[in-house]
Amino acid sequence: ENTETFKMKVTGTGSSGVPTDRDVATGRIIDDDSGPALGASIGDASVIEGDTGPKTVTLTVTLSAARSTTTAVRYHTVNGDAKNDGDYVGKAGVVNIVAGKTTGVVTIVVNGDTSIENNEFFTVVLDSAGAGAVPLARPTGMIAVANDD
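Criteria and cut-off values
- Residues numbered from 1 in each chain as written.
- Predicted model: local features only at pLDDT ≥ 70, side-chain atom pairs only at ≥ 80, totals over all residues.
- Heavy atoms only, no water.
- Pairing = 2+ DSSP bridges.
- Helix = DSSP H or I, 4+ residues; strand = E, 2+ residues; numbered from the N terminus.
- Axes fitted to C-alpha atoms, helices over the stretch in contact; angles between N-to-C directions.
- Buried < 20%, exposed > 50% of the residue type's maximum accessible area, 1.4 Å probe, protein only.
- Contact = heavy atoms within 4.5 Å.

A few words now on the sheet that holds strand β6 (residues 71–78). Two orientations exist for strands paired in a sheet by backbone hydrogen bonds: parallel and antiparallel. Taken in spatial order, the 5 strands line up as β4-β11-β9-β6-β7 in an open sheet, and their pairing is mixed. Strands with a single pairing partner mark the edges of an open sheet, and in this sheet they are β4 (45–48) and β7 (92–97). When the angles between neighbouring strand axes are averaged without regard to direction, this sheet yields 25°. Bridge count between β4 and strand β11 (residues 140–146): 4 bridges; the pairing is parallel.

Another point: the side chain of T71. Within the fold, T71 resides in strand β6. With a relative accessible area of 0%, T71 lands in the buried category. Look past the residues within four positions of T71 in its chain and what remains in contact with it is L63, V95, N96, I97, A129, G130 and V134.

Within the open sheet, the 4 strands sit side by side as β8-β5-β3-β10. Their pairing is mixed. Strands with a single pairing partner mark the edges of an open sheet, and in this sheet they are β8 (103–111) and β10 (136–138). Neighbour to neighbour, the strand axes of the sheet diverge by 30° on average, direction disregarded. Judged from the 3 bridges that link them, strand β3 (residues 40–42) and strand β5 (residues 54–63) form a sheet pairing that is antiparallel. Bridging from a neighbouring strand, I42 pairs with V61 of β5.

Here D85, not a glycine, exhibits a phi torsion of approximately 65°, which is positive. Following the sequence through the fold, D85 ends up in the loop between β6 and β7.

What follows is the structure, encoded as C-alpha coordinates:
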(Lines give C-alpha, C1' and ligand atoms only; values in the text may rest on other atoms or scores of the structure.)
Protein backbone atom coordinates (compact mmCIF):
# COMPACT_ATOMS: atom_id res chain seq x y z
CA GLU A 1 0.00 0.00 0.00
CA ASN A 2 1.02 3.64 -0.30
CA THR A 3 2.38 5.91 2.43
CA GLU A 4 -0.54 7.22 4.49
CA THR A 5 -1.03 10.37 6.54
CA PHE A 6 -3.24 11.07 9.51
CA LYS A 7 -4.04 13.99 11.80
CA MET A 8 -4.30 13.92 15.57
CA LYS A 9 -6.01 16.66 17.61
CA VAL A 10 -5.34 17.23 21.31
CA THR A 11 -8.61 18.19 22.92
CA GLY A 12 -7.38 18.75 26.45
CA THR A 13 -4.45 18.22 28.77
CA GLY A 14 -6.38 17.50 31.94
CA SER A 15 -5.20 19.25 35.08
CA SER A 16 -1.60 19.65 33.80
CA GLY A 17 -2.22 23.18 32.56
CA VAL A 18 -0.16 22.57 29.39
CA PRO A 19 -1.37 25.02 26.72
CA THR A 20 -2.94 23.57 23.58
CA ASP A 21 -2.08 26.35 21.14
CA ARG A 22 -0.61 23.72 18.74
CA ASP A 23 -3.31 21.13 19.19
CA VAL A 24 -3.15 19.41 15.76
CA ALA A 25 -0.31 17.19 14.54
CA THR A 26 0.13 15.36 11.25
CA GLY A 27 1.70 11.91 11.15
CA ARG A 28 2.80 9.63 8.32
CA ILE A 29 2.81 5.86 8.07
CA ILE A 30 5.53 4.96 5.59
CA ASP A 31 4.96 1.69 3.77
CA ASP A 32 8.09 -0.43 4.23
CA ASP A 33 6.64 -3.76 3.17
CA SER A 34 8.53 -5.26 0.32
CA GLY A 35 6.30 -6.64 -2.37
CA PRO A 36 7.17 -9.27 -4.89
CA ALA A 37 10.27 -8.61 -6.92
CA LEU A 38 9.47 -7.06 -10.29
CA GLY A 39 10.93 -8.65 -13.39
CA ALA A 40 12.30 -12.09 -14.24
CA SER A 41 13.35 -14.54 -11.53
CA ILE A 42 14.70 -18.08 -11.47
CA GLY A 43 14.08 -20.58 -8.68
CA ASP A 44 16.35 -23.12 -7.03
CA ALA A 45 16.23 -26.91 -7.40
CA SER A 46 17.80 -30.06 -6.04
CA VAL A 47 18.42 -33.53 -7.39
CA ILE A 48 19.82 -36.80 -6.07
CA GLU A 49 22.86 -37.59 -8.19
CA GLY A 50 22.31 -41.31 -8.75
CA ASP A 51 24.96 -43.91 -9.61
CA THR A 52 24.77 -44.01 -13.40
CA GLY A 53 23.30 -42.20 -16.34
CA PRO A 54 21.79 -38.78 -16.70
CA LYS A 55 19.07 -37.21 -14.57
CA THR A 56 17.28 -34.00 -15.37
CA VAL A 57 16.61 -31.15 -13.00
CA THR A 58 14.20 -28.32 -13.78
CA LEU A 59 14.25 -24.72 -12.59
CA THR A 60 11.27 -22.41 -13.07
CA VAL A 61 11.75 -18.98 -14.61
CA THR A 62 9.00 -16.57 -13.56
CA LEU A 63 7.93 -13.13 -14.76
CA SER A 64 6.31 -10.90 -12.14
CA ALA A 65 3.57 -10.05 -14.65
CA ALA A 66 2.40 -11.49 -17.94
CA ARG A 67 3.45 -9.59 -21.05
CA SER A 68 1.58 -9.07 -24.32
CA THR A 69 4.42 -10.59 -26.36
CA THR A 70 6.60 -13.66 -25.93
CA THR A 71 9.54 -12.90 -23.63
CA ALA A 72 12.91 -14.46 -24.39
CA VAL A 73 14.95 -15.06 -21.22
CA ARG A 74 18.62 -15.89 -21.83
CA TYR A 75 20.56 -18.02 -19.32
CA HIS A 76 23.79 -19.97 -18.78
CA THR A 77 25.21 -22.40 -16.22
CA VAL A 78 28.12 -21.59 -13.90
CA ASN A 79 30.34 -24.11 -12.09
CA GLY A 80 30.30 -24.34 -8.33
CA ASP A 81 31.55 -27.46 -6.57
CA ALA A 82 29.82 -29.40 -9.36
CA LYS A 83 31.73 -29.10 -12.63
CA ASN A 84 30.56 -28.90 -16.24
CA ASP A 85 31.23 -32.01 -18.39
CA GLY A 86 31.65 -34.18 -15.32
CA ASP A 87 28.96 -33.61 -12.74
CA TYR A 88 26.49 -31.92 -15.09
CA VAL A 89 26.14 -30.85 -18.72
CA GLY A 90 26.77 -27.12 -19.03
CA LYS A 91 24.28 -25.18 -21.04
CA ALA A 92 23.43 -21.74 -22.36
CA GLY A 93 20.09 -21.04 -23.97
CA VAL A 94 16.81 -19.19 -24.13
CA VAL A 95 13.51 -19.82 -22.36
CA ASN A 96 10.58 -18.38 -24.30
CA ILE A 97 7.73 -17.38 -22.01
CA VAL A 98 4.64 -17.18 -24.20
CA ALA A 99 2.54 -14.00 -24.30
CA GLY A 100 -0.01 -13.98 -21.47
CA LYS A 101 1.94 -16.52 -19.39
CA THR A 102 4.36 -15.95 -16.51
CA THR A 103 6.50 -19.11 -16.34
CA GLY A 104 8.93 -21.17 -18.35
CA VAL A 105 11.48 -23.83 -17.44
CA VAL A 106 15.20 -24.50 -17.75
CA THR A 107 16.15 -28.18 -17.81
CA ILE A 108 19.70 -29.26 -16.98
CA VAL A 109 21.23 -32.76 -17.15
CA VAL A 110 23.08 -34.04 -14.06
CA ASN A 111 25.40 -37.05 -14.46
CA GLY A 112 25.32 -39.92 -11.98
CA ASP A 113 28.48 -41.53 -10.61
CA THR A 114 29.64 -43.83 -7.83
CA SER A 115 32.28 -41.50 -6.41
CA ILE A 116 32.03 -40.85 -2.70
CA GLU A 117 31.97 -37.07 -2.51
CA ASN A 118 30.29 -34.20 -0.73
CA ASN A 119 27.02 -32.74 -1.90
CA GLU A 120 27.75 -30.26 -4.68
CA PHE A 121 26.12 -27.27 -6.33
CA PHE A 122 26.18 -25.16 -9.47
CA THR A 123 24.11 -22.21 -10.62
CA VAL A 124 22.00 -21.06 -13.53
CA VAL A 125 22.26 -17.34 -14.23
CA LEU A 126 19.73 -15.27 -16.16
CA ASP A 127 21.55 -12.96 -18.58
CA SER A 128 18.67 -10.89 -19.94
CA ALA A 129 14.92 -10.92 -20.37
CA GLY A 130 12.83 -9.33 -23.10
CA ALA A 131 15.95 -8.02 -24.88
CA GLY A 132 16.80 -6.05 -21.75
CA ALA A 133 13.30 -4.55 -21.40
CA VAL A 134 12.47 -6.75 -18.38
CA PRO A 135 14.59 -6.26 -15.24
CA LEU A 136 16.22 -9.26 -13.57
CA ALA A 137 14.71 -9.51 -10.10
CA ARG A 138 16.43 -12.74 -9.00
CA PRO A 139 18.95 -13.67 -11.67
CA THR A 140 20.65 -16.68 -10.02
CA GLY A 141 19.19 -20.09 -9.26
CA MET A 142 21.13 -22.75 -7.38
CA ILE A 143 21.03 -26.46 -8.13
CA ALA A 144 22.01 -28.68 -5.20
CA VAL A 145 23.28 -32.11 -6.23
CA ALA A 146 22.92 -34.58 -3.36
CA ASN A 147 25.49 -37.37 -3.28
CA ASP A 148 23.93 -40.80 -2.68
CA ASP A 149 27.08 -42.95 -2.60
